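Residues per chain are reported as follows:
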Amino acid sequence: MKKNKTKIKIKRSKVNLYNKKKNKARQVVAIIITAAAACALCVLGYGIGKPLMDYFRNRGSVSESSSVWTPESSDAADNSSFGSENAGSPGGSSSGEEKPPITLTNSAYFLSDEAALSSASLNSELAAAKAAGHSVVVVTLKDPDGFFLYKSAIEGVQSKGTLSAAQIAAEIDKAGFIPAARISTLKDKTNGVAMDCIFKFADGTIWLDDSPASGGKTWLSPFDPKTLDFMKSITSELSQAGFKRIIAVNTMLPSFYAVDISQNLSYLPLSDKTKRAEALWSVTASAAEGAELGGAELYIEMDGANMILENRDGTDAELSFTSAPLKTANLIVDYSPSDSADNAYASAKTFIESLNRSLDGAECTVRIKGSFSAAVLESVKKAFDEAGITAFSQ
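Note that the structure is predicted; figures quoted are calculated from it, not measured. (Residues numbered from 1 in each chain as written. Predicted model: local features only at pLDDT ≥ 70, side-chain atom pairs only at ≥ 80, totals over all residues. Heavy atoms only, no water.)

Colleague: Before we move on, can you summarise the environment of G146 with the specific residues and values?
Modeller: Note that G146 resides in the loop between β2 (136–142) and α3 (165–174). With a relative accessible area of 0%, G146 lands in the buried category. Considered as a pair, G146 and L186 are 40 residues apart in the sequence and their alpha carbons are 8.6 Å apart. Setting aside anything within four residues of it in sequence, one finds G146 in contact with Q158, K187, D188, T190 and N191. (Helix = DSSP H or I, 4+ residues; strand = E, 2+ residues; numbered from the N terminus. Buried < 20%, exposed > 50% of the residue type's maximum accessible area, 1.4 Å probe, protein only. Contact = heavy atoms within 4.5 Å.)

Colleague: Let's hear about helix α11 (residues 374–386): which residues, and what values?
Modeller: For α11, built from 13 residues, the straight-helix expectation of 18 Å at 1.5 Å per residue is met to within 8% by its first-to-last C-alpha distance of 18 Å. Buried residues along α11 sit in contact with β6 (331–335), α10 (344–359), β7 (365–368) and β8 (390–393). Of the residues trailing α11, G388 is marked for its positive phi of about 75 degrees. (Expected span 1.5 Å × (residues − 1).)

Colleague: Explain the pattern of salt bridges to me, using residue names and the numbers behind them.
Modeller: A complete count under the given rule lists 14 salt bridges for this structure. Here E301 ties to R367 by a salt bridge, and the two come within 3.2 Å at their closest N and O atoms. Of the two residues, E301 is situated in strand β5 (residues 297–303) and R367 in strand β7; the sequence distance between them amounts to 66 residues. Residues E301 and R367 agree in their burial class; the two are buried. Between K369 and D334 there is a salt bridge whose closest N-O contact spans 3.9 Å. Of this pair, K369 sits in the loop between β7 and α11 while D334 sits in strand β6, placing them 35 residues apart in sequence. Bridged by salt links that share partners, the residues D196, K200, D224 and K226 form one connected network. (Salt bridge = Lys/Arg side-chain N within 4 Å of Asp/Glu carboxyl O.)

Colleague: So what's going on with the packing of helix α5 (residues 225–240) against helix α7 (residues 273–292)? Residues and values would help.
Modeller: Where α5 contacts α7, the two axes come as close as 7 Å, and the packing angle between them is 30 degrees. As the angle between them shows, α5 and α7 are arranged roughly parallel. Where α5 crosses over α7, the two elements pack in a sense that is right-handed. Listed contacts from α7 to L228, M231, K232, T235, S236 and S239 of α5 are S282, V283, S286, A287, E289, G290 and A291. (Axes fitted to C-alpha atoms, helices over the stretch in contact; angles between N-to-C directions. Parallel < 35°, antiparallel > 145°, perpendicular 65-115°, else oblique. Left-handed = near helix turned anticlockwise from the far one by under 90°.)

See below:
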């Protein structure tokens, strides 16, 4: 069967696409437009293309000179500085505004030994600390007699006061300060018997630092493991109650009689200076361990007058006999300046020279204590500033 062919109509254009004559004016305009378009494409192509090329070329690598923001750690502050802490100024503030760093010049305010005994006395002294512009408040919570000046949960201890450690820390924190607790360690005539960690004669009877008629007292023994456990339990309780600094004072041995060393307590290495110092450092190590459980730091306070003695046995500076542990410890050295403004500067310089020999390269913060004039304080601070030693006063 024969198929029908479909006829295709072809339209013919009157315009010759190959031999078309162009108008000269139109040609000039076309050339100008084409040139302008080419320039625009070059600029645009470079503007977009170069960053894209750089991106793909450098993808996966970080330039050493790039400034990438990273959050600051709260631990960036110098933890060895007694007053350093990312805390609000006295009065408290949660606005999140950046505050100037806290200096040690006027940072720590030491409350009286009676401050913790009641809420009224505590708040009264906190008001004074706020008026003075301090940032750290130090409250005594275990006095040199061994009494706990708060309601402790440690079984068998002798407590005074009506507030718990947590309540005291909360009051200090609420007032806008960093809470610090101060405790007497080995100088304790109250708790040793109950804790069974006192000095004893070889037969087990209690040793006193003097005759009972003269007011002889018991002391905690750094050679007894139970003393170390006791120190750890105290600092653990305080740090977990909210105290950020714990200052250990009176970490010392009694002034033994010669007969005690040669006979009464001869089973202890009391004639060996190195072992005596090691026993004292074991007390601070246990205290520091307990403090760390609640995130607190331990400080050791010593009397500057004892630090510069040739023989420091039986003083709170006996720890400094071995210089190696000093270099990793947080030290506070107390200094009482001369009463006279005329020689305050010279006396401080002389003290600094002796102190540096005792520290043997270790660093410390100096607490300027006592009653003195503004002129004396200015002279003393000048001496410590020139020596590169941080000093603060109340």
